[in-house]
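Structural overview for review
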Amino acid sequence: MSDALQLAFAPLTTPRPSQPNEKSGVVYTRPWVVELLLDLAGYRAGEDLVSCVAVEPAAGDGAFLEPMVRRLVASCQRQALPLTAIGASLRAYEIDETAAVALRSKVARLLLELGAQTETATDLARSWIHTSNYLIEWPRAPAADFVIGNPPYIRLEDIPGAIGTAYRRMYRTMIGRADIYVAFFEAALRQLKPGGVCGFICADRWMLNHYGTELRRFITANFSVDAVIEMHRTDAFQHQVSAYPAVTVLRKAAQGAVIVASAGVEAGMDGATGLADALAEAAAGSSVSTVPRGFRAARVDGWFRGADPWPQVSPERLALLKRLEADFDPLENPITATRVTIGVATGADDIFVTQDANVVESSRLLPLAMAFDTRDGTLHWSGHYLINPWEADGRLVDLAAYPRLKAYYEARRPVLATRHVAAKNPHNWYRTIDRVHHQLTTRPKLYLPDIKGVIHPVLDAGTTYPHHNLYVVYSSGWDLEVLGGLLLSSVAQFFIECYAVRMRGGWLRFQAQYLRRIRLPRPEAIPADAADTLRHAFRGRDVVLADSVAFDLYGIQAIPREDDHGC
């Protein structure tokens, strides 16, 4: 074994504690959740499981393994095969030898109950359950038809530095402050045969956060997302833990339709029998079925692409989001010559921003729009200026050409030169973090404040340059007041709510990455009377009027409510 593999094996060989806890990664799954996940993955007794290879990568106390054994034995008996035929059909990994010994005994007893002879039961339990680290051993194992389970939750910062580095080296999807379960996803997916299925219940933060970026990219490039069931409000685990769990079913196949569902506090009260089928029928909109108690479900045609976040919203909102994304163009669009950008960050606003019109040469003062200048929906410039170190061609000014500017900056050099942006290039110690693009000043544009409860587009006719607390939309293909009316609507707000995480107090961040998620009809597809109404709504800040037009243009009756497990 290489040094890297030895290091990677080390952190998971310590005995697990008798009581589950998050620090050790031990979180046991409730039986009804296990049965649901097995059904969704297609690991059913009515199928030929004998010819398949199924893997439980972190067996623990057998919460998944025991039901898998029951189903495998039933499949074997249905085909009238001897139990000796299933020796290669199942593999389970447990890194703690004490736990593995106990699990072998438990599985052997179960096999005896199911009709196995003592020797057969002992041999099967021994051959199935491996005392080893799945993350290390899977490349030497057979390709799998199923990898199913509940991977451990261990933050990388809780793993010693050299060991964590080794894991990162082996699993390229582990970036940032990742959890070890990211590596389990990657390993499981790499082990699958064509058509094989990975079914995990796991914390869902990777679907939205930065550390899940490469895992999302890996999945969407090579696999199909078959089902995502959010379980934040239900008791998915035997003990209370501060996780945000979701069932995720992934298949090594081309992307098709997706079952999206959420489980409430009553989920599982009716047991798991038929639950997966009922959810599939409900997601498909079957008229002969009802959504199972405690669940909400919808069908989504297709899934997100690349490293895009997977929004944590209700099934109804997710279904609408995917339809609108499929049917309409993004806000930032070369076809309409529409761009989204941000204002200037200085790294020292106390120095670069002033209301003194005489502090330096007038040619070095750029009218600067601040977020509070947009408060009432109309731009009211507060008299702030950027003390501007940039020429129109994008170069820093020659301070010798501007004596007053030079004196102003030199007097503040001890502060300016210590900034990170200045330390990287000491000759440019007086630059702002961002370059100034002068042509943006005279260009008509829409400003959107960064932090706000609701989306708040405001028109600048071309008189100011934006501060970094303002995002900017400019376009050659749109009448900006018509566009402003659409951005004022609840539909634009809906896109932001789906992707942006709410801050304390319910505030949203209207950042460029979220604004670019907004979808729009083509300008030429908007009838003249509808365009007039949108202009009127924008000028009057009338969201209801804007909605009356926007809903018709997007072909929707209403936006599903945002419940307490959405973004």
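In the block above lies the structure referred to throughout.
Let me sum up the structure you'll find in this document.

The rules we used
Residues numbered from 1 in each chain as written. Predicted model: local features only at pLDDT ≥ 70, side-chain atom pairs only at ≥ 80, totals over all residues. Heavy atoms only, no water. Helix = DSSP H or I, 4+ residues; strand = E, 2+ residues; numbered from the N terminus. Expected span 1.5 Å × (residues − 1). Buried < 20%, exposed > 50% of the residue type's maximum accessible area, 1.4 Å probe, protein only. Arc of directions from axis to C-beta. Axes fitted to C-alpha atoms, helices over the stretch in contact; angles between N-to-C directions. Parallel < 35°, antiparallel > 145°, perpendicular 65-115°, else oblique. Left-handed = near helix turned anticlockwise from the far one by under 90°. Contact = heavy atoms within 4.5 Å. Pairing = 2+ DSSP bridges. Core = buried A, V, L, I, M, F, W, Y, C linked by side-chain atoms within 4.5 Å. Nonpolar A, V, L, I, M, F, W, Y, C, P; charged D, E, K, R; others polar. Phe/Tyr/Trp six-rings, centres within 6.5 Å; stacked < 30°, edge-to-face > 60°. Lys NZ or Arg CZ within 6 Å of the ring centre and 35° of its normal. Salt bridge = Lys/Arg side-chain N within 4 Å of Asp/Glu carboxyl O.

1. Details of helix α19 (residues 528–540)
The end-to-end C-alpha distance of α19 is 18 Å, a good match for the 18 Å that 13 residues give at a rise of 1.5 Å each. The complete set of buried residues in α19 reads A530, A531, L534, A537 and F538. Projection of α19 onto a plane perpendicular to its axis shows the buried side chains occupying an angular sector of 120°, all on one side. Exposed side of α19, more than 90 degrees from the buried face: A528, D529, H536, R539 and G540 are the residues found there.

2. Brief notes about the packing of helix α4 (residues 97–113) against helix α5 (residues 118–128)
A pair of packed helices can be characterised by two numbers: the angle between their axes and the separation between those axes. At a closest axis distance of 8 Å, the pairing of α4 and α5 adopts a crossing angle of 140°. Classed by the angle they form, the pair α4 and α5 counts as oblique. Here α4 runs over α5; the crossing is right-handed. Residue-level inspection shows R104, V107, A108, L111 and L112 of α4 in contact with α5, the latter providing T118, A121, L124, A125, R126 and W128.

3. Looking at the sheet that holds strand β2 (residues 90–93)
Ordered by their spatial adjacency, nine strands build an open sheet running β3-β2-β1-β4-β5-β7-β6-β8-β9, and the pairing between neighbours is mixed. A strand with exactly one partner marks an edge of an open sheet, and here the two such strands are β3 (129–130) and β9 (295–301). For strand β1 (residues 54–56) and strand β4 (residues 144–149), the ladder comprises two bridges, and the chain directions are parallel. Looking across to β4, one finds that V55 is bridged to V147. In this fold helix α2 (residues 31–41) packs onto β4, β5 (192–203), β6 (224–230), β7 (245–251) and β9, with an angle of close to 20° to the strand it touches most, β7.

4. With respect to the pairing of β7
Counting buried positions along β7 gives six out of seven residues, so the element sits mostly inside the fold. Summarising the sheet, β6 and β7 pair through six bridges and their orientation is antiparallel. The residue bridging A227 from the neighbouring strand is V249, located in β7.

5. Details of the nonpolar core
Residues Y134, W303, L515 and I518 are the most contacted members of the largest nonpolar core, which totals 96 residues. At nine residues, helix α8 (residues 180–191) tops the list of elements feeding residues into this core. The contact partners of W303, leaving out residues within four places of it in the chain, are T220, V225, V228, Q255, V258, V260, W310, L318 and K322. Core analysis: the second largest hydrophobic core is formed by 58 residues, W32, A108, I201 and A227 among them.

6. Thoughts on the packing of α8 against helix α9 (residues 213–222)
Two numbers describe how α8 lies on α9: the axes approach to 10 Å, and their chain directions differ by 20°. With respect to each other, α8 and α9 are oriented roughly parallel. The two elements α8 and α9 cross, and the hand of that crossing is left-handed. Facing α8, whose interface residues are V182, F185, E186, L189 and R190, α9 presents L215, F218 and I219. Taken together, the residues of the contact of α8 with α9 break down into six nonpolar, no polar and two charged.

7. Remarks on the packing of aromatic side chains
For the coordinates displayed, the defined rule picks out 19 aromatic pairs. The aromatic ring of Y402 is capped on one face by R364, whose charged end is 5.0 Å from the ring centroid.

8. A few points about the pattern of salt bridges
One pass over the full model with this rule turns up 30 salt bridges. In this structure, D450 and R509 form a salt bridge, with 2.6 Å as the shortest nitrogen-oxygen distance. Here D450, found in the loop between β15 (445–449) and β16 (451–452), pairs with R509, found in strand β20 (residues 508–509); they are 59 residues apart in sequence, far enough to count as distant. Residue R522 pairs with E524 through a salt bridge whose shortest N-O separation is 3.8 Å. Ionic contacts of the salt-bridge type, sharing partners, join the residues E35, D39 and R71 into one network.

9. Description of α9
When α9 is considered as a whole, its buried residues turn out to be T213, E214, L215, R216, F218 and I219. Where α9 is buried, its residues meet α8, β6 and β7.

10. Section: the sheet that holds β15
Hydrogen bonds along the backbone pair up the strands of a sheet, which may run parallel or antiparallel. Pairing is antiparallel across the open sheet formed by four strands, whose spatial order is β11-β19-β15-β17. For this open sheet the edge positions go to β11 (338–342) and β17 (458–460), each flanked by a neighbour on one side alone. When strand polarity is set aside, the average angle formed by the axes of neighbouring strands in this sheet is 30°. Across three bridges, β15 lies against β17 in antiparallel orientation. Across the sheet, the residue bridging to Y447 is V458, located in β17. Contacts from helix α16 (residues 480–488) reach β15, β17 and β19 (470–475), with the element oriented near 25° to β15.

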